[in-house]
Amino acid sequence: GTTATEQYDQNTYDRAKFISHYANMNLRYAINDKNTLGIGGELFRFHNPQDANSELRIYNDISNGIINNFQQTSNESAGKMINPSANLNFKSELDSAGSTLTIGYDYTFFKLFTASHLNTAFLDSLGAEYGTRQDFTQENPFNINLHTAKLDYHKPLKNKHMLDIGGKFTWTKTYND
């Protein structure tokens, strides 16, 4: 067999809280006995501040437990997202047999922004810092517009059979400026 001569041991401490809010409202309006109009909306929001510290210990000779060096990284990140959406739909009863036509449109906007800061120090076995710190800052905006339209036709047939025909169209635009 082979004997390992190098070992990595990592500990990470993560302190984060996730704060979210959600609200919705829908309204259905009966135009008459055969036609209904609906409108609705939702809003979802979250905020996720995070602070994590990580230490990677590198043992070059595990037989005697000697630590050769460390890497210490602090990671501060924050994520914020807001997602509003809206829905508009129409349903019509077409005949006394129960045939229906349903038309719907949905719009959702996703907006996410994350910012991260990673700072890594390199230390020798005695804890003295050496070399150049690796310091990274990153900002990530993320936006999506999602449009969906659908059309459904339902027709009852003889002997409890049914005919359902429908179509759906989705258009998405993503941008990260």
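Reading the values: the criteria
Residues numbered from 1 in each chain as written. Predicted model: local features only at pLDDT ≥ 70, side-chain atom pairs only at ≥ 80, totals over all residues. Heavy atoms only, no water. Helix = DSSP H or I, 4+ residues; strand = E, 2+ residues; numbered from the N terminus. Contact = heavy atoms within 4.5 Å. Areas by Shrake-Rupley, 256 points an atom, 1.4 Å probe, with all protein chains shown as cover. Salt bridge = Lys/Arg side-chain N within 4 Å of Asp/Glu carboxyl O. Buried < 20%, exposed > 50% of the residue type's maximum accessible area, 1.4 Å probe, protein only. Patch = residues over 30% accessible without salt bridge, like charges linked within 9 Å, V, L, I, M, F, W, Y side chains within 5 Å. Phe/Tyr/Trp six-rings, centres within 6.5 Å; stacked < 30°, edge-to-face > 60°. Pairing = 2+ DSSP bridges. Polar contact = N/O pair within 3.5 Å; in protein donor to acceptor, adjacent residues only side chain to side chain.

**Student:** Report on the overall build of the protein chain, specifying residues and quantitative values.
**Tutor:** Across its full length, the protein chain holds zero helices and seven strands. Restricting the contact set of the protein chain to residue pairs at least 6 apart, pairs at least 24 apart contribute 64%. Taken as a whole, the protein chain presents about 12,500 Å² of accessible surface, with 55% of it coming from carbon and sulfur.

**Student:** Give a detailed account of the environment of T172, specifying residues and quantitative values.
**Tutor:** With respect to the helices and strands, T172 occurs in strand β7 (residues 162–175). When the C-alpha atoms of T172 and T148 are compared, they prove to be 8.6 Å apart, with 24 residues separating the residues in sequence. Not counting residues within four places of it along the chain, the set of residues in contact with T172 comprises I144, N145 and L146.

**Student:** Explain the environment of K91 to me, and be specific about the residues and the numbers.
**Tutor:** One can find K91 in strand β4 (residues 66–93). In the structure, K91 is positioned 62 residues away from Y153 in sequence and 9.9 Å away in space, judged by C-alpha atoms. Look past the residues within four positions of K91 in its chain and what remains in contact with it is K34, N35, T36, T100, L101 and T102.

**Student:** Tell me about the pattern of salt bridges, and name the residues and values.
**Tutor:** Under the definition given, this model contains four salt bridges. We note a salt bridge from D106 to K150, for which the minimum N-O separation is 3.8 Å. Taken together, the residues D106 in strand β5 (residues 100–124) and K150 in strand β6 (residues 129–156) connect sequence positions 44 residues apart. Among the salt bridges present, the one from R133 reaches E129, with a minimum N-O distance of 2.9 Å. For E129, a relative accessible area of 43% corresponds to the partly exposed category.

**Student:** Now, about a nonpolar patch on the surface: what can you tell me, with residues and values included?
**Tutor:** A cluster of nonpolar side chains, namely L27, Y29, I31, L37, I39, L88 and Y105, defines an oily patch on the protein surface of about 660 Å² accessible area. Of all the secondary-structure elements, those providing two or more residues to the nonpolar patch are β2 (19–30) and β3 (35–61). Mapping Y105 onto the fold places it in strand β5.

**Student:** Lay out the packing of aromatic side chains in plain terms, naming residues and giving numbers.
**Tutor:** The relation between two aromatic rings is expressed through the spacing of the ring centres and the mutual angle of the planes. A full pass over the atoms with the stated rule returns one aromatic pair. Between the aromatic rings of F44 and F46, the centroid separation amounts to 6.4 Å while the plane-to-plane angle is 45°, which identifies the pairing as tilted. Take F46: its relative accessible area is 11%, and that puts it in the buried class.

**Student:** How would you summarise the pairing of β6 if you had to cite specific residues and measurements?
**Tutor:** Here β5 pairs with β6 via 23 bridges, running antiparallel. Note that in β6 the partner of S116 across the bridge is Q138. Hairpin geometry of β5 and β6 is characterised by an intervening segment of four residues between the two adjacent antiparallel strands and by a positive phi of about 90° at G127. Pairing of β6 with β7, which is carried by 14 bridges, proceeds in the antiparallel orientation.

**Student:** Can you explain the side chain of S99? Please cite residues and give values.
**Tutor:** You can see S99 is positioned in the loop between β4 and β5. A polar atom in the side chain of S99 sits 3.0 Å from the side chain of D95. Discounting chain neighbours no more than four positions away, the residues touching S99 are S92, E93, L94, Y153, H154, K155 and P156.

**Student:** Any chance you could break down the side chain of S92 for me, citing the residues and the numbers?
**Tutor:** Tracing the sequence through the fold places S92 in strand β4. The exposure class assigned to S92 is buried, which follows from its relative accessible area of 9%. S92 has contacts with K34, N35, S99, T100 and L101, leaving out every residue within four places of it along the chain.

**Student:** Help me get a handle on unusual backbone geometry, residues and values and all.
**Tutor:** Its identity is not glycine, yet N159 carries a phi of approximately 55°, on the positive side. Relative to the assigned elements, N159 resides in the loop between β6 and β7. Positive phi is not limited to glycine here, since K160 has a value of about 65°. According to the relative accessible area criterion, K160 is exposed, its value standing at 80%.

Shape is all these values report; function is a separate question.
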